[in-house]
Amino acid sequence: MSEKSSSSGSDEDVDPESVQPVELGGVLSKWTNYIHGWQDRWVVLKNNTLSYYKSEDEREYGCRGSLCLSKAVITPHEFDECRFDISVNDSVWYLRAEDPEHRLQWIESIELHKAESGYGSESSLRRHGSMLSLTSAASALSATSTSSFKKGHRLCEKLAEMETFRDILCRQVDTLQKYFDSCADGVSKDEFQRDRVVDDDEDDFPAASKADGDCHHNNNGSKEKLFAPASPKGFNGIDFKGEALTFKATTAGILSTMSHCLELMLKREDSWQKRLDKELEKRRRVEDAYKSAVYELKKKSQYGGPDYEEGPNSLIKEDEFFDAVEAALDRQDKIEEQCQSEKVRIPRLTPVPPGDVFSSIGTHRFAAKVEAMVQNHMTYSLQDVGGDANWQLVIEEGEMKVYRREVEENGIVLDPLKATHSVKGVTGHEVCHYFWDTAVRMDWETTIENFNVVETLSDNAVIVYQTHKRVWPASQRDVLYVSAIRKILATNENDPDTWLVCNFSVDHDKALPTNRCVRAKINVAMICQTLVSPPEGDKEISRDNILCRITYVANVNPGGWAPASVLRAVAKREYPKFLKRFTSYVQEKTTGKNILF
């Protein structure tokens, strides 16, 4: 994954507010369709656009698709820690990162590009010269009552503030009233002294008045003359006590009115709260209905997406899952029948090494494990199905019988299967040879999509990687395993000629697990015993005198969750078909040829 800044120039020349989000590019798994599933794609995040290419090397050929992120909705998946979905209207991209850390990095980068796009972002407002209007609108909004309610202030809190202001005003009125009362008392004393001065010396009063004048200190510390020198009698026209009483009565009326308003508002608050609760409930119901409608629409429009794949959180119901698998298998059967009728088999000459090669243990790195598997199958796989093994007979068609033991681990079906069959005219060596030979595998195996030999360990052991055809809605499976063929040496002369092929899962650096497929684990063995009936007289042994008794055992871990009923139904349906198809192929290949013991 690569990142680079979209700005250029030196650090001094770059305006911090004009820096654009960094570009991001890397490999993400993208859901293509239900046939191909998840595919790795090169994804690029640049200039508010998310684009994808088939690979990094093919960028020069143009992108295969792109999304504008202005109105995109990014949804991290609820259960898959590596997956996130991006939807724009009806277009949805399902993406998976390699780990949760990379998913978080992609989501944060996409959100940053989305935040910096369109006219809704702060940077875009700067680019369009609208920052002033944004600031003005924000300040105007904060001054309204709506903003107060958004911040959590209820009406009762505002009323409490009004009561506080009323108490303050009461204290102020009391202070002013005391001041006016003291002023009135001072004026009365001045009148008394003035009358005495006038009576004693009326002629000296104007001069004294001009020289100094009677002064009163107001509350600001300045001096004011209580009466005009030219008209000393004018002071008698001011009634301070009357003015004080009027102010007190006026303020008392104001306070009474405010108290009455407070009482009315408190009574009305309950009614307003009930109305608000009703409106909120209506809004909640409308939002729930909208979400439900959007979910149903999204579910309908995106049917077949990754949310409908197998898994414990799949949106598809178990009966729908079963029907879909059955329908897909039926389609594959019809296609295979048509291909078989049109196929012209190409004869392949597959040289068979001498028998001692198949009886040797080998010296490769898996030799010890192969030997342990062979001994284990020879000990337990040939045991009778009766007793305490709890084998259940599920299919019986002529000589073929299929048994099953129901086993589950952590909710995953791990039922061991065992099949017995008898085929006339072929030997155990021939059956095991065609089952093991990779050169003819695709001639009879119809469930495989791709197949290749990863490593040849010896003449009788190879490492094989194969992917199986997908059956939607189940995920596609792949398998990596060692396949070894062995001739079992007889311990006494009465033992039948016995051959064995065992396939068991291993790991290899050249075939690591990918997001595209679910890696299944297998432990499979085919044990074939040749029974010969003596010919009449001196006749040579022909294919009419030989019979191959086949024991096939399979322990498969599907590697992922799927409904138990579906897995068991598919196994019950496919295993008998596989045995019939394979044994018919062997009989066809050996007809008219020398017997290979």
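On a predicted model such as this, the values are computed, not experimentally measured, just so you know.

About the thresholds
Residues numbered from 1 in each chain as written. Predicted model: local features only at pLDDT ≥ 70, side-chain atom pairs only at ≥ 80, totals over all residues. Heavy atoms only, no water. Helix = DSSP H or I, 4+ residues; strand = E, 2+ residues; numbered from the N terminus. Buried < 20%, exposed > 50% of the residue type's maximum accessible area, 1.4 Å probe, protein only. Contact = heavy atoms within 4.5 Å. Expected span 1.5 Å × (residues − 1). Arc of directions from axis to C-beta. Polar contact = N/O pair within 3.5 Å; in protein donor to acceptor, adjacent residues only side chain to side chain. Axes fitted to C-alpha atoms, helices over the stretch in contact; angles between N-to-C directions. Parallel < 35°, antiparallel > 145°, perpendicular 65-115°, else oblique. Left-handed = near helix turned anticlockwise from the far one by under 90°. Nonpolar A, V, L, I, M, F, W, Y, C, P; charged D, E, K, R; others polar. Salt bridge = Lys/Arg side-chain N within 4 Å of Asp/Glu carboxyl O. Core = buried A, V, L, I, M, F, W, Y, C linked by side-chain atoms within 4.5 Å. Phe/Tyr/Trp six-rings, centres within 6.5 Å; stacked < 30°, edge-to-face > 60°. Lys NZ or Arg CZ within 6 Å of the ring centre and 35° of its normal. Pairing = 2+ DSSP bridges. pLDDT = per-residue confidence, 0-100.

Chemist: Tell me what's going on with the overall build of the protein chain, and back it up with residues and numbers.
Modeler: The helix and strand inventory of the protein chain stands at 13 helices and 22 strands. Going through the 597 residues of the protein chain one by one, you find that 37% of them count as buried. If you take every contact in the protein chain between residues at least 6 apart in sequence, the share linking residues at least 24 apart comes to 59%.

Chemist: Please provide a residue-by-residue account of helix α1 (residues 100-115), values included.
Modeler: For α1, built from 16 residues, the straight-helix expectation of 22 Å at 1.5 Å per residue is met to within 8% by its first-to-last C-alpha distance of 22 Å. If you check which residues of α1 are buried, you get Arg-103, Trp-106, Ile-107, Ser-109, Ile-110 and His-113. Considered in projection along α1, the buried side chains sweep an arc of 165° and stay on one side of the axis. In this fold, the buried residues of α1 make contact with β2 (23-33), β3 (37-46), β4 (49-53), β6 (73-76) and β7 (83-88). Here α1 starts with a cap whose side-chain oxygen sits 3.2 Å from the backbone nitrogen of Glu-101, and that cap is Asp-99.

Chemist: Before we move on, can you summarise the side chain of Ser-109 with the specific residues and values?
Modeler: Structurally, Ser-109 can be placed in helix α1. In contact with Ser-109, not counting residues within four places along its chain, are Leu-24 and Leu-45.

Chemist: How would you summarise the packing of helix α11 (residues 428-436) against helix α13 (residues 564-590) if you had to cite specific residues and measurements?
Modeler: Packing of α11 against α13 brings their axes to within 10 Å, and their N-to-C directions diverge by 110°. Of the possible angle classes, the one that applies to α11 and α13 is roughly perpendicular. Handedness of the crossing formed by α11 with α13: right-handed. Contacts between α11 and α13 involve Glu-430, Val-431, Tyr-434 and Phe-435 on the former and, on the latter, Phe-578, Phe-582, Tyr-585, Val-586, Lys-589 and Thr-590. Split into classes, the residues belonging to the contact of α11 with α13 amount to seven nonpolar, one polar and two charged.

Chemist: Account for the pattern of salt bridges, with residues named and values stated.
Modeler: Scanning the entire structure with this criterion turns up 21 salt bridges. With a closest N to O distance of 2.8 Å, Asp-80 and Arg-96 form a salt bridge. Of this pair, Asp-80 sits in the loop between β6 and β7 while Arg-96 sits in strand β8 (residues 91-96), and the two are 16 residues apart along the sequence. Assessed through its relative accessible area of 22%, Asp-80 is described here as partly exposed. Note on Arg-96: relative accessible area 15%, which makes it buried. With its nearest N and O atoms 3.5 Å apart, the salt bridge here joins Glu-281 to Arg-285.

Chemist: Explain unusual backbone geometry residue by residue, including any values.
Modeler: Despite not being glycine, Asn-47 has its phi angle at roughly 50°, a positive value. Within the element layout of this structure, Asn-47 appears in the loop between β3 and β4. When its relative accessible area of 56% is taken as the criterion, Asn-47 is described as exposed.

Chemist: So what's going on with the nonpolar core? Which residues, and what values?
Modeler: Inside soluble globular proteins, nonpolar side chains tend to come together where they are buried. If you look at the biggest cluster of nonpolar residues, it comprises 41 residues, and the most contacted ones within it are Val-431, Phe-435, Met-526, Tyr-552, Phe-578 and Phe-582. Top element by residues in this core is α13. It accounts for seven residues.

Chemist: Tell me what's going on with the packing of aromatic side chains, and back it up with residues and numbers.
Modeler: Applying the stated criterion across every chain yields a total of 12 aromatic pairs. Look at Tyr-434 and Tyr-585: their rings are 5.9 Å apart centre to centre, the planes differ by 90°, and that puts the pair in the edge-to-face class. Of this pair, Tyr-434 sits in helix α11 while Tyr-585 sits in helix α13; the two residues are 151 residues apart in sequence, bridging distant segments of the chain. Chaining the aromatic ring pairs together yields one cluster made of Phe-435, Trp-444, Tyr-552, Tyr-575, Phe-578 and Phe-582. Between the NZ or CZ atom of Lys-30 and the centre of the ring of Tyr-52, over which it lies, the distance is 4.8 Å. Sitting over the face of the ring of Trp-391, Arg-405 holds its NZ or CZ atom 4.9 Å from the ring centroid.

Chemist: Give a detailed account of the pairing of strand β18 (residues 477-488), specifying residues and quantitative values.
Modeler: Summarising burial for β18: 11 of the 12 residues are buried, a large majority. Of the strand pairs in this sheet, strand β17 (residues 461-468) and β18 are connected by seven bridges, and their pairing is antiparallel. Residue pairing for β18: Val-464 is matched across the bridge by Tyr-481. Relative to strand β20 (residues 518-519), β18 is paired through two bridges, and the arrangement is parallel. Among the inter-strand pairings, Arg-477 is bridged to a residue of β20, identified as Val-518. Direction of pairing for β18 relative to strand β19 (residues 497-505): antiparallel, over a ladder of eight bridges. The partner of Tyr-481 across the bridge, within β19, is Ser-505.

Chemist: Quick rundown of helix α10 (residues 367-381)? Include the residues and the values.
Modeler: Here α10 contains 15 residues, and its C-alpha end-to-end distance of 20 Å stays within 8% of the 21 Å for a straight helix at 1.5 Å per residue. On the buried face of α10, the contacting elements are β15 (417-424), β18, β19, β21 (521-532) and β22 (546-557).

Chemist: Go over the environment of Arg-519, please, and point to the residues and values.
Modeler: You can see Arg-519 is positioned in strand β20. Expressed as a C-alpha distance, the spacing of Arg-519 and Val-479, which sit 40 residues apart in the sequence, is 5.9 Å. Contacts of Arg-519, omitting those with residues within four sequence positions, involve Tyr-465, Asp-478, Val-479, Leu-480, Ala-511, Leu-512, Pro-513, Pro-558 and Gly-559. Among the polar contacts made by the side chain of Arg-519, one reaches the side chain of Asp-478 at a distance of 2.9 Å. Within the structure, the side chain of Arg-519 is placed 3.3 Å from the backbone oxygen of Ala-511, a separation counted as a polar contact.

Chemist: Describe the confidence of the model for the protein chain, and please don't skip the residues or the numbers.
Modeler: Averaged over every residue, the pLDDT of the protein chain is 75; the share at 70 or more is 67%. In this model, residues 205-237 is a region of pLDDT below 50 whose contacts with residues beyond four sequence positions or in other chains number 34 contacts.

Chemist: Which residues make up the side chain of Gln-476, and what are the values?
Modeler: Note that Gln-476 resides in the loop between β17 and β18. One polar contact links the side chain of Gln-476 to the main-chain carbonyl oxygen of His-468, over a distance of 3.1 Å. If near-sequence neighbours (up to four positions away) are discounted, Gln-476 is found in contact with Glu-449, Thr-467, His-468, Arg-470, Arg-516, Cys-517 and Val-518.

Chemist: Before we move on, could you go through the environment of Trp-38 and cite the residues and values that matter?
Modeler: On the secondary structure map, Trp-38 appears in strand β3. Note: C-alpha distance between Trp-38 and Thr-514 (476 residues apart in sequence) is 9.5 Å.

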